[in-house]
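# Coordinate inspection notes
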Protein chains: 2
Amino acid sequence: MEIIEQIKHYEKILSAYGALEGGGLTRLLYTDEWLECQKRLKEEMEKLGMKAAFDEVGNLFGLIEGSEEGVVSTGSHIDTVVRGGNLDGQFGIVGGLVAIKNLLEKYGRPKKSLQLISLAEEEGSRFPTVFWGSKNVLGLQDNEAVKDIKDSEGLNFVNEMHRCGFDFKKDSKAREVGSFVELHIEQGNLLEKLNKEIGVINAITGQKRYRVKLRGQANHAGTTRMEYRKDAAYGYALIVKAAIEKAIEMDPILVCTFGSVELIPNTVNVVPGECNFSIDCRHPQGQVLDEFASWLEETMVQIAEEKGLEIEIDKWMDERPVPMDEKMIALLENTAKDLGLNYELMHSGAGHDSQIFAEKVPTAMIFVPSIGGISHNINEATAYEDQARGCLLLENALYKLSY
Amino acid sequence: MEIIEQIKHYEKILSAYGALEGGGLTRLLYTDEWLECQKRLKEEMEKLGMKAAFDEVGNLFGLIEGSEEGVVSTGSHIDTVVRGGNLDGQFGIVGGLVAIKNLLEKYGRPKKSLQLISLAEEEGSRFPTVFWGSKNVLGLQDNEAVKDIKDSEGLNFVNEMHRCGFDFKKDSKAREVGSFVELHIEQGNLLEKLNKEIGVINAITGQKRYRVKLRGQANHAGTTRMEYRKDAAYGYALIVKAAIEKAIEMDPILVCTFGSVELIPNTVNVVPGECNFSIDCRHPQGQVLDEFASWLEETMVQIAEEKGLEIEIDKWMDERPVPMDEKMIALLENTAKDLGLNYELMHSGAGHDSQIFAEKVPTAMIFVPSIGGISHNINEATAYEDQARGCLLLENALYKLSY
């Protein structure tokens, strides 16, 4: 299959920058390997006849000028997590190169301009900021918020940006994007479990995160009868069980995760006096998420009261779901049907650049299956046949939008 | 009340050694403050007319020789935990001094010899060994086990023992103890909750401790549907809830504690792939404890299986309950009744020197209430009226045994 060879070709070129021994990538914003990768990508864009240019902050745009007004964009982010795979972000750029190359070879100059965007940053894995790339494209960046941030080695964000030859945007105007289609790996295991070839994304999940503190009374594990205990671990267990079972019962795509916990004093022979834990709950419909969150907050208070515990609930994140554009979803569904692809209409449980684009332009996403659902890991993988199907759907969607 | 003044007198003398600013004691085995305290105690014993002597390892014995054969002993340990109170251990020695002083003043020379023992070590708070004192008294010590152990500063047990002028026993013969009555603070809150003045102990609890590992699959908190998760925190919560509720239902004095937990990776946005936790369960009857433990082990395996988790259960401690001597219990109960004390027949949920003595000689324990159940803490406290009642019961019990 021709398209697989094209994918491998571009994957090999880009994966050289930030490559780890044993596979995978670490390619963080404003590092040498990041800069070299963007520069090499610029050359590859130019080889395809694109007009390629960086914006002030380091986003890279490759443009095929159309014969008429308007722009159609695709792309994803070039940065990775620490010890990530070589598909998260990068596959959307590889897919864009392959799709546009084939469109140009088959159909020549498009009516609307075709634009491939390699976004500077999405992961938040070097500095404590996310979506720096897409927010700058769309004029949504907050320069003040990044002015004093540092990486784990104490290097300043602005200095590192300058070192790479970039700077804050002179004005906050948005660039012309037109519409945006992002090709990405699923990073979950739903497509694999359902034996589907492609995901068409209808929304990016809403997300609430909590820090919860339960305070009981630390006591001797041998001399304190059960009836006199205020056991913070018991309260925690009741909350975890109730919440997970409610989430399962309430809606098949609601997810609720108790990812971290700390007991104090955390000693085998002392009844836990304090329990601090996290909750992450997500759903692509705001109403369902709100309903679950209200139930959860009330239930936690009720359990704490019943067990004689004090409770503090801190909801520190409350991101609304972002729906994809209805017309764009329909276009992707119809195109998938035309191509005979066995697709699933689904939401994204993780955040993506598309949720930023969707605030300003018609946006949609295509997912390809992740083997074992593994991601943010050097073992991240997608079968080349699945990658090819994703590129094919992107190519045909861009054709309908541009030609 | 005369007896309260006597208690305060001896408490003040002994509490000078290892005293902390702001109250409480740190007096660890084979430290200078420990040695000075034992030496000062020897002087106080001699002032009462006792023949006082150390054994090879540093246990201190004060003897009033009786007119007939036989010995009756009381005492407790002189060492403390780090930042402990001034009652745990020390109160048994203070009480012994007060009781014997009053017996001698009231009744003169006893028939059986009266012996006060200040045990070198019980807490295991400096070196990883416990009951070093009582085991040496009874010829049960394991010298090999302590030969190479060190404290947190790297100081060797044997060197520190030599530095204080002590050494391993030349032979493993037991010393004549006759019978043993230990006066101790409760370290729990049962007497306080029940509004009782005194506890007569019928057994020292049996205890099983486990390390449990649940292994599921770490996964993305947003992209992994609930139905496809193997969530180690969920399995943990089900086990904690089931075990605590079973313990409450099964027996009012069964206790079960999940004191420590560790999730891996312990991150807000990752489904926990592994959960390591501790269990401590105790009951003074072996049969009840065994029944609960069997149920618990089976239930944990069953929950793990149902939730697709692997489980490893390591029972690393299995101490049998130690019953106190029936005749000695009856003697304490009858004496408490004679004195009009509002006592509770109860077990000890914590370990004590008496569990070592009980292996060789008729043994019993008296508890006085701990304010708020607080112990192993500089705020450890018992009302002087309650301390006096404990001394009075000890004095009257020793009278019945010795005169």
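Scroll up for the structure.
Owing to the predicted nature of the structure, the values given are computational and were not obtained by experimental measurement. (Residues numbered from 1 in each chain as written. Chains lettered and ligands numbered in written order. Predicted model: local features only at pLDDT ≥ 70, side-chain atom pairs only at ≥ 80, totals over all residues. Heavy atoms only, no water.)

## Side note on the packing of aromatic side chains
Here a ring pair, both rings aromatic, is described through the centre-centre distance and the interplanar angle of the planes. Counted by the stated rule, this structure contains 31 aromatic pairs over all chains. Taking the centre distance of 6.0 Å and the plane angle of 85° together, the rings of Trp34(A) and Phe166(A) count as edge-to-face. One end of the pair, Trp34(A), is in helix α2 (residues 32–47); the other, Phe166(A), is in the loop between α6 (157–163) and β5 (180–185), and 132 residues separate them in sequence. Accessibility classification places Trp34(A) together with Phe166(A) in one group, the buried group. Clustering of aromatic rings is evident, with ring pairs tying together Tyr30(A), Trp34(A), Phe54(A), Phe127(A), Trp132(A), Phe157(A), Phe166(A) and Phe168(A). The ring of Phe61(A) carries Arg175(A) above its face, with NZ or CZ at 3.6 Å from the centroid. Looking at Lys8(B), its charged tip hangs above the ring of Tyr384(B), at a distance of 4.9 Å from the centre. (Phe/Tyr/Trp six-rings, centres within 6.5 Å; stacked < 30°, edge-to-face > 60°. Helix = DSSP H or I, 4+ residues; strand = E, 2+ residues; numbered from the N terminus. Buried < 20%, exposed > 50% of the residue type's maximum accessible area, 1.4 Å probe, protein only. Lys NZ or Arg CZ within 6 Å of the ring centre and 35° of its normal.)

## Section: the packing of helix α1 (residues 2–15) of chain B against helix α2 (residues 32–47) of chain B
All names here are of chain B. Packing of α1 against α2 brings their axes to within 9 Å, and their N-to-C directions diverge by 145°. Together, His 9, Tyr 10, Ile 13 and Leu 14 of α1 and Cys 37, Arg 40, Leu 41 and Glu 44 of α2 make up the contact between the two elements. Of the residues assigned to the contact of α1 with α2, the class counts are five nonpolar, one polar and two charged. (Axes fitted to C-alpha atoms, helices over the stretch in contact; angles between N-to-C directions. Contact = heavy atoms within 4.5 Å. Nonpolar A, V, L, I, M, F, W, Y, C, P; charged D, E, K, R; others polar.)

## What to know about helix α9 (residues 286–306) of chain A
In an α-helix there are 3.6 residues to a turn, and that puts residues three or four apart on one side. Residue and element names in this part refer to chain A. Under the 1.5 Å per step criterion, the end-to-end length of α9 is 30 Å for 21 residues, consistent within 8% with the ideal 30 Å. When α9 is considered as a whole, its buried residues turn out to be Gly 286, Val 288, Leu 289, Phe 292, Ala 293, Leu 296, Thr 299, Met 300, Ile 303 and Ala 304. When α9 is viewed along its axis, its buried side chains cluster within an angular range of 165° and face the same direction. Facing away from the buried side of α9 by more than 90 degrees, the exposed set consists of Gln 287, Glu 298, Glu 305 and Glu 306. In this structure, the buried residues of α9 make contact with β7 (206–215), α8 (232–250), β9 (255–257), β12 (274–283) and β13 (310–319). Directly after α9, the chain includes Gly 308, whose backbone phi takes a positive value near 70°. (Expected span 1.5 Å × (residues − 1). Arc of directions from axis to C-beta.)

## Points about the interface of chain A and chain B
Across the boundary between the two partners, chain A contributes 55 residues, which contact 54 residues of chain B. Buried area between chain A and chain B, summed over both chains or domains, comes out near 4700 Å², and the portion from carbon and sulfur atoms is 61%. Per-residue buried area on chain A facing chain B is highest for Met226(A), Tyr228(A) and Val268(A); these three make up 14% of the total on that side. Counting every contact that joins chain A to chain B gives zero salt bridges. The set of elements that each furnish at least two residues to the side of chain A that touches chain B consists of α7 (190–194), β8 (219–220), α8, β9, β10 (261–264), β11 (270–271) and β12 of chain A. (Buried area = accessible area lost by both parts, 1.4 Å probe. Salt bridge = Lys/Arg side-chain N within 4 Å of Asp/Glu carboxyl O.)

## Some points on unusual backbone geometry
Cis geometry is adopted by the peptide bond preceding Pro265(A), which originates at Ile264(A) and carries an omega value of 10°. Mapping Pro265(A) onto the fold places it in the loop between β10 and β11. Phi angles above zero are rare outside glycine, and Phe131(B) is one such case at about 60°. With respect to the element layout, Phe131(B) can be found in the loop between β4 (113–119) and α4 (132–137). Despite not being glycine, Asn195(B) shows a phi value in the positive range, around 60°.

## Details of the pattern of salt bridges
All chains considered together, the criterion is met by 58 salt bridges over all chains. Note that Asp338(A) is salt-bridged to Lys400(A), the shortest N-O span being 3.0 Å. Taken as a pair, Asp338(A) in helix α10 (residues 326–338) and Lys400(A) in helix α12 (residues 384–402) lie far apart in primary sequence, 62 residues in all. For Asp338(A), a relative accessible area of 59% corresponds to the exposed category. The exposure class assigned to Lys400(A) is partly exposed, which follows from its relative accessible area of 37%. Across the pair Glu310(B) and Arg215(B) runs a salt bridge whose closest N-O atoms are separated by 3.2 Å.

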